[in-house]
Each structure stands twice: as C-alpha cells, then as structure tokens.
Amino acid sequence: MSPRTTPPFRADHVGSFLRPTYLLQARERKARGEITAAQLREVEDRAIAEIVGFQRDCGLASITDGEFRRTYFHIDFLEQLGGVHTDIPVTVRRADGTEELAPPVIKVVDKVRHAKDIQRADFEYLKEQVERQAPGCTPKVTIPSPTMLHFRGGRAGISREAYPELDPAFYDDVARAYGEELRSLHDAGCRYVQMDDTNMAYLCDEKMREAARRRGDDPDELPHRYAQFINKVVALKPAGMTLAMHLCRGNFKSTFAAQGNYEPVAEALLAEMNLDAIFMEYDDDRSGDFRPLRFLKPGRVVVLGLVTTKFGQLESKDDLKRRIGEAARHAPLEQLCLSPQCGFSSTVHGNNIAVEDQRRKLELVVQTAREVWG
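What counts and what doesn't
Residues numbered from 1 in each chain as written. Predicted model: local features only at pLDDT ≥ 70, side-chain atom pairs only at ≥ 80, totals over all residues. Heavy atoms only, no water. Helix = DSSP H or I, 4+ residues; strand = E, 2+ residues; numbered from the N terminus. Rg over C-alpha atoms; globule rule 2.2 N^0.38 Å. Buried < 20%, exposed > 50% of the residue type's maximum accessible area, 1.4 Å probe, protein only. Phe/Tyr/Trp six-rings, centres within 6.5 Å; stacked < 30°, edge-to-face > 60°. Lys NZ or Arg CZ within 6 Å of the ring centre and 35° of its normal. Salt bridge = Lys/Arg side-chain N within 4 Å of Asp/Glu carboxyl O. Core = buried A, V, L, I, M, F, W, Y, C linked by side-chain atoms within 4.5 Å. Contact = heavy atoms within 4.5 Å. Pairing = 2+ DSSP bridges. Disulfide = S-S within 2.5 Å. Axes fitted to C-alpha atoms, helices over the stretch in contact; angles between N-to-C directions. Parallel < 35°, antiparallel > 145°, perpendicular 65-115°, else oblique. Left-handed = near helix turned anticlockwise from the far one by under 90°. Nonpolar A, V, L, I, M, F, W, Y, C, P; charged D, E, K, R; others polar. Polar contact = N/O pair within 3.5 Å; in protein donor to acceptor, adjacent residues only side chain to side chain.

Undergrad: Now, about the overall build of the protein chain: what can you tell me, with residues and values included?
TA: For the protein chain, the count of helices and strands is 11 helices and 12 strands. Its C-alpha atoms give the protein chain a radius of gyration of 19 Å, near enough to 21 Å, the size a compact globule of 374 residues would have. By its C-alpha atoms, the protein chain is 55 × 55 × 50 Å across when sized along the principal axes. Counting only residues that meet the buried cut, the protein chain has 59% of its 374 residues in that class.

What follows is the structure, encoded as structure tokens:
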C-alpha cells in the first residue's frame, strides 16, 4: 500500500503545539501594555519559524503555525466574523481540584458576514517558512467549525432580529462567510484547511445531549442538520483544496469535556458530510469502539487519533498497529491515516506534557504510519 501524496497524509496531526516560554512571556507583556502588537508579532514570527523546523524534523508532511498567534483555538477566529460577539471563557476549578475551561459565550448579534480576511496574512508567513525550511511539505490552516456559532447557545444565542428563522438564512450566511475565507486562503496558495469541531463529539455524550434538549434542540436531529450545514461550506470550497474536520472532546490542560461512542453521530458524520477527511479522537476508552467507521463512504478518509496529547507516556507501536488493524475491519485500510488525538495546546495554556514528549509522540506517529502503509 502506498503513502498518500495529498492531504491528509498517512502520518498527520491536528495542529496546535506547546508555546515556548518566551512567547508566553511576550503575550503577558503585551497584555500589560509593555510591548506593541507589532512587537508581539515579531516574537510570534520567531516561534513559528522554529515550530516549522520542529515539524519538519519529526518527519511530518503537513505543517501548521502551531496556532502560536492564538489564545483559544476558536474565539480568535470567530470574533473576527462580522455579526459575532464572544466573551472570553474563564477557568473553573472542580471540587476534585482539577480545572476545566468554562465554555465561552458566543453570540450572533447581527447578520454574519466575512468582514475581512482572517487567516490570510498568518498563512502567507507560514507558507514562506515552509517553502524556506521544508520544501515539499504542505502548510495547513486550522479554523473552528461553523457549527460552533449554533451549538453552544442554540436558538437563544442567535439574534432574532437578524434571523427570525434560522433556516436557511443563518446557515447560508455563515457558509458564505466561510466560503469567502476559504477563497481568500486559496488565493494565497493554501490547499489544506482543517475545521475543528467540538459539537459533533459532544453529541455523543448523554450529558451534552441533555443540555441540547434543554436548549430546545433535538440531539438526534442536530447531527443531520449540521451535516447539511457543513455541506453548504463544502459546496463553496475552491477546487483543489482539501477540507477536513477534527472532532474534539475537549482539550484544556490535559482534561476533556465529553465522552461516548460515536454511534449517535456516525451516519451524519461519515456518510452524509461531503468533507474530504475526518480526524477522530480514539486515544482511550471514552471514544468507544471502531464500529461507527462502517458508515465511511468511498473517497473519504478518517484520520485515527490513537496517540494521546494529554499525557507524556509513549504508546506502544505494536498496540497502535493492532488498533489500526481493528479499525480496518470496519473501514478500508486505504481510507485510514494516523495522528495524535488532538493538538498539544488547543488553548495558550497547553496540555500537561513536556516538549520532548511532544516530539516523541509525533515521531512515533510517523514511524508507525510508514510501517503500516509504506
């Protein structure tokens, strides 16, 4: 079996990396007003140049900017859409002493529109660094899924003045805004975009499903509605661009927010969505078995997130191969790839894992993929 020459690659990754200390310090100085936004960007440029080389040295074929210009994987993008207002989330300490990130308040306060290019300048710098340091590799941009404008607040989080009815106006406007962003990125040379989505994974968790019911939504209907929503974006994707989605169950300081087998969303996700690839978290028992992969339709790819980014202990290569074999009982091996289950730092805070463990895990993904797929 041959390696893939187009994304997603047999050994891929979700995108975010642990921020270097000097970058975190620069962000703190910017928050205190001690340096300007331009000076912070110079520090970000340095850190991104370094993380490009890091990914190259690990053997990865897709390369991101590590999300080094962001505080949160989703808010920094969504708040730049016209008509969207976000409140910064807060850290909540549980009774057992662990921490979780309380969901941000994301509100649609006016008609959603693409007010400006959001990721283009960031991508252009990434592309320049990849061409300089890692020729032949593919720069990848990660953005939050459009479903995040609906799921967290439901109908109550979307202005009734702007959208008396959600369907089709709201979904069409959001898809159009995303389509314009994708075209902007495509014009800059981007050919690989990943949308990060918590909501489909949350709909596998009964607690989250009950919360959706309390908001007035049907958790059995939502996955199919979201499939139609995502397909509106896919229909506007420029030719030649790979559009993937990563399903996340929460990734804040090595904690998670949701669990449950993918069965409640599998058909909508794998048979109805017209995406090129789906990154699915499968690093431990909270994700269930591989049977939902039976819905994967021809021509689509699932990237198996078998290597955890939450803890430093290194997985066994033999165990990874065994689990890939189990997945291949339900979907063709040719339609499968391998990655870590999530990013290493979905928020600026980072997971509780060492930089060297981050490297070892990525190298393990690359080595295992080579041995499985060639």
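There's more to say after this.
Undergrad: I'd like to hear about the packing of aromatic side chains, residue by residue, with values.
TA: Scanning all chains against the criterion turns up 9 aromatic pairs. With a centroid separation of 4.9 Å and an interplanar angle of 75°, the aromatic rings of Tyr171 and Phe229 are classed as edge-to-face. Placement of the pair is Tyr171 in helix α5 (residues 169-187) and Phe229 in helix α8 (residues 222-234), with a sequence separation of 58 residues. The pair formed by Tyr171 and Phe229 is uniform in burial state, with each residue classed as buried. Each member of the aromatic cluster is reached from another via a ring pair, and the members are Tyr163, Phe170, Tyr171 and Phe229. The side chain of Arg46 reaches across the aromatic face of Tyr22, ending 3.6 Å from its centre.

Undergrad: Could you give an account of the pattern of salt bridges, with specific residues and numbers?
TA: In this structure the tally under the stated criterion is 31 salt bridges. A salt bridge links Arg32 to Glu34, with the nearest nitrogen and oxygen atoms 2.8 Å apart. You can call Glu34 partly exposed: its relative accessible area is 43%. For Asp122, the salt bridge is made with Arg41, and the minimal N-O distance between the two is 2.7 Å. Taken together, the positions of Asp122 in helix α4 (residues 120-133) and Arg41 in helix α2 (residues 37-58) put the pair 81 residues apart, joining distant regions of the chain. Three or more residues joined by partner-sharing salt bridges are found here, namely Arg27, Arg41, Glu44, Asp45, Arg69 and Asp122.

Undergrad: Talk me through the nonpolar core; I want residue IDs and the actual numbers.
TA: Counting 100 residues, the largest nonpolar core has Phe170, Leu293 and Leu304 as the members making the most contacts within it. With sequence-adjacent residues up to four places away left out, Leu304 is seen in contact with Met280, Tyr282, Phe290, Leu293, Ile324, Ala327, Leu336, Cys337, Leu338 and Ser339. In terms of nonpolar packing, the next biggest core, distinct from the first, is built from 8 residues, Ala277, Phe279, Val301 and Val303 among them.

Undergrad: Summarise the pairing of strand β10 (residues 277-281); cite the residues concerned and give the values.
TA: Across the 5 residues that make up β10, a large majority, 5, are buried. Along β10, one buried face is formed by Ala277, Phe279 and Glu281 and the opposite face, lined by Ile278 and Met280, is buried too. Examined bridge by bridge, strand β9 (residues 242-247) and β10 share 3 bridges and lie parallel to one another. Across the sheet, the residue bridging to Met245 is Ile278, located in β10. Pairing of β10 with strand β11 (residues 301-307) involves 5 bridges; the strand directions are parallel.

Undergrad: Account for the state of the cysteines, with residues named and values stated.
TA: Within the structure shown, the criterion is met by 0 disulfides. You can see Cys190 has no disulfide; the closest cysteine sulfur is in Cys137, sitting 15 Å from it. Take Cys190: its relative accessible area is 0%, and that puts it in the buried class.

Undergrad: Help me get a handle on the packing of α8 against helix α9 (residues 263-272), residues and values and all.
TA: Packing of α8 against α9 leaves a shortest axis separation of 9 Å and a crossing angle of 20°. It follows from the interaxial angle that α8 and α9 lie roughly parallel. The handedness of the crossing between α8 and α9 comes out as right-handed. Two secondary-structure elements touch here, α8 through Pro223, His224, Ala227 and Asn231 and α9 through Pro264, Val265, Ala268 and Glu272. Across the contact of α8 with α9, the residue classes break down as 5 nonpolar, 2 polar and 1 charged.

Undergrad: Residue-level account of the sheet that holds β11, with values.
TA: With respect to topology, 6 strands assemble into an open sheet ordered β7-β8-β9-β10-β11-β12, the strand pairing being parallel. Of all strands in the sheet, those with a lone pairing partner are β7 (141-144) and β12 (336-340), marking the two edges. On average, each strand axis in the sheet is tilted by 25° relative to the strand beside it, whichever way the strands run. Where β7 lies against strand β8 (residues 192-197), 4 bridges are found, and the strand directions are parallel. Residue Ile143 lies in a different strand from β8, and its bridge partner there is Met195.

Undergrad: How would you summarise the side chain of Arg225 if you had to cite specific residues and measurements?
TA: With respect to the helices and strands, Arg225 occurs in helix α8. At 3.4 Å, the side chain of Arg225 forms a polar contact with the side chain of Asp217. Beyond its immediate stretch of four places on either side in the chain, Arg225 contacts His150, Tyr171 and Asp217.

Undergrad: Account for the environment of Leu18, with residues named and values stated.
TA: By the secondary structure assignment, Leu18 is in the segment before α1 (21-31). Assessed through its relative accessible area of 13%, Leu18 is described here as buried. Note: C-alpha distance between Leu18 and Phe344 (326 residues apart in sequence) is 5.9 Å.

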